Amino acid sequence: MSDGETAASFIETQESVMRFPADKPLRLDSGAGIEGLEVAYNTYGRLNEAKTNAVLVCHALSMDQHCAAINPLTGKPGWWDRVVGPGKPIDTDRFFVICSNVLGGCSGTTGPSSTNPATGEPYGLKFPVVTVADMVRAQAMLIEALGIAKLFAVVGGSMGGMQVLQWAADYPERLFSAVCVAAAARHSAQNIAFHEVGRQAIMADPEWRGGDYARLGVRPEKGLSVARMAAHITYLSEAALQRKFGRELQRDGLSWGFDADFQVESYLRHQGAAFVDRFDANSYLYITRALDYFDLAASHGGSLAETFRKARDVRFCVFSLTSDWLYPTPESRHIVRALNAAGARVSFVEIETDKGHDGFLLDEPVLHAALAGFIGSGAQARGCG
């Protein structure tokens, strides 16, 4: 048993699904609505009597609500088990941590694989297109239903960091602090291009069946696997790939064919195969599209500073990773400059690492120490935890 698994077993965890009545629909940016919304979430630790110690952790594209403890589906520690838990940067002995599966996901929250109440069958492509703002709107409904008026912090990396920024823009009065890790205020053309490759791989799979595969009892596994392989390359850095694999072969000599001769090929194939066992292809289409649509300043005339104008009382901490080429450091600096221009309090930490974008999920002591310091100082200022 790993250290992460040992620690995870002592976290007080509760898995739940919040079901909203049909007469309280979720209104979407597209103009559509979702009736009977369900939000799957986990909580860790205990909410204090004053309800001042709640921390919302927002997950990245391929993650879920199992940020800590043992994921019951995989049997492995949660995706941020290094950060969330007793004595860790987000200390569950002090804080009540909430992590929900995003709208459009496939781990219990309403998404394209959910049953469409109008037909009694999976939504498929009849599910409305959603945005990051819609995801945050669903989270806000959850937090309100839990009786929490103001979060101590909202924290997230990658797509989770985008949700953090959206929270600060839309619900600043409901936040004390916000931590954005390895993210950007909008998706770049390069990121949209990579996502389009993934979506086309899925839709080109004959088993995708126009998005109707769930009803027909098949799955576009090959297409989803290729999409994951392409995306996974963007999560690493060239230095990390070279250090981990270089040009090392899988076996002695070349196959003189198209088997996985190189270790990096085998690694990507493994990543793709493992992904299809835990993720839904249509959810991948919807979530990547939500990311592509993300442009936080668009509704404020393109001014990111104006977007954050009402968030001046929120404490911010922005992290970037030096080798992250998916959301590089200049994107984080752009966020920081906008927050400064808006008059907000913001700290910025650039983590020196060769691990690429995925570094925020890995063992990065400087990141963990800085995060613990920011959270700790905020808890002292607010008198909670």
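Keep in mind the model is a prediction, meaning the values are calculated, not measured.

What counts and what doesn't
- Residues numbered from 1 in each chain as written.
- Predicted model: local features only at pLDDT ≥ 70, side-chain atom pairs only at ≥ 80, totals over all residues.
- Heavy atoms only, no water.
- Phe/Tyr/Trp six-rings, centres within 6.5 Å; stacked < 30°, edge-to-face > 60°.
- Helix = DSSP H or I, 4+ residues; strand = E, 2+ residues; numbered from the N terminus.
- Buried < 20%, exposed > 50% of the residue type's maximum accessible area, 1.4 Å probe, protein only.
- Lys NZ or Arg CZ within 6 Å of the ring centre and 35° of its normal.
- 1 Å grid on protein atoms, 1.4 Å probe; cavity = no way out; pocket = protein on both sides within 12 Å on 5 of 7 lines; lining within 4 Å.
- Points joined across faces, edges and corners; volume = space filled by probe spheres on them.
- Expected span 1.5 Å × (residues − 1).
- Contact = heavy atoms within 4.5 Å.
- Polar contact = N/O pair within 3.5 Å; in protein donor to acceptor, adjacent residues only side chain to side chain.
- Pairing = 2+ DSSP bridges.
- Axes fitted to C-alpha atoms, helices over the stretch in contact; angles between N-to-C directions.

**Quick notes on the packing of aromatic side chains**
- Scanning all chains against the criterion turns up 13 aromatic pairs.
- Consider the rings of Phe194 and Trp325, whose centres lie 5.9 Å apart with planes at 65°: the pair is edge-to-face. A residue pair is termed long-range when its members are at least 10 positions apart, and Phe194 in helix 4 (residues 189-204) and Trp325 in the loop between strand 13 (315-321) and helix 11 (329-341) qualify at 131 residues.
- Residue classification places Phe194 among the partly exposed residues on the basis of a relative accessible area of 31%.
- Look at Trp325 and you get partly exposed, because its relative accessible area is 32%.
- Among the aromatic residues, those joined into a ring-pair cluster are Trp79, Trp80 and Phe360.
- We note Arg174 situated over the ring of Tyr171; from NZ or CZ to the ring centre the distance is 5.3 Å.

**Examining the layout of surface pockets**
- Size it by volume and the second largest pocket reaches roughly 230 Å³.
- Asp29, Ala133, Gln166, Asp295 and Leu296 are the residues nearest the centre of the second largest pocket, which is lined by 15 residues in total.
- Secondary structure elements with two or more residues in the lining of the second largest pocket: helix 2 (132-145), helix 3 (159-170) and helix 9 (281-293).
- If you tally residues by element for the lining of the second largest pocket, the top one is helix 3, at three residues.

**Comments concerning helix 9**
- Relative to the 18 Å expected for 13 residues at 1.5 Å per residue, helix 9 spans 19 Å between its end C-alpha atoms, a close match to the ideal helical length.
- Counting buried positions along helix 9 yields eleven of 13 residues, so the element is predominantly enclosed.
- For helix 9, every residue scored as buried is listed here: Ala281, Asn282, Ser283, Tyr284, Leu285, Tyr286, Ile287, Thr288, Ala290, Leu291 and Asp292.
- Looking at the buried side of helix 9, the elements it contacts are helix 2, helix 3, helix 4, helix 5 (213-216), helix 6 (221-235) and helix 8 (263-276).
- Where helix 9 begins, the side chain of Asp280 points an oxygen toward the backbone nitrogen of Asn282, at a separation of 3.3 Å.

**Topic: the sheet that holds strand 4 (residues 38-44)**
- If you walk across this open sheet you meet the eight strands as 1-4-8-5-11-12-13-14, and the pairing is mixed. The strands lining the two open edges of the sheet, one partner per strand, are strand 1 (13-19) and strand 14 (345-351). Across the sheet, the axes of successive neighbouring strands diverge by a mean angle of 20°, strand direction being ignored.
- With seven bridges joining them, strand 1 and strand 4 adopt antiparallel strand pairing. Across the sheet, residue Gln14 finds its bridge partner in strand 4, namely Thr43.
- Across the sheet, helix 3 is in contact with strand 5 (54-58), strand 11 (151-157), strand 12 (175-181) and strand 13; its angle to strand 11 comes to roughly 145°.

**Let's talk about unusual backbone geometry**
- With phi around 60°, Ser158 is a residue other than glycine that occupies positive phi space.
- With respect to the helices and strands, Ser158 occurs in the loop between strand 11 and helix 3.
- Residue classification places Ser158 among the buried positions, given a relative accessible area of 9%.
- A positive phi is found at Ala182, a non-glycine position, where the angle reads about 50°.
- Summarising the element assignment, Ala182 is placed in the loop between strand 12 and helix 4.

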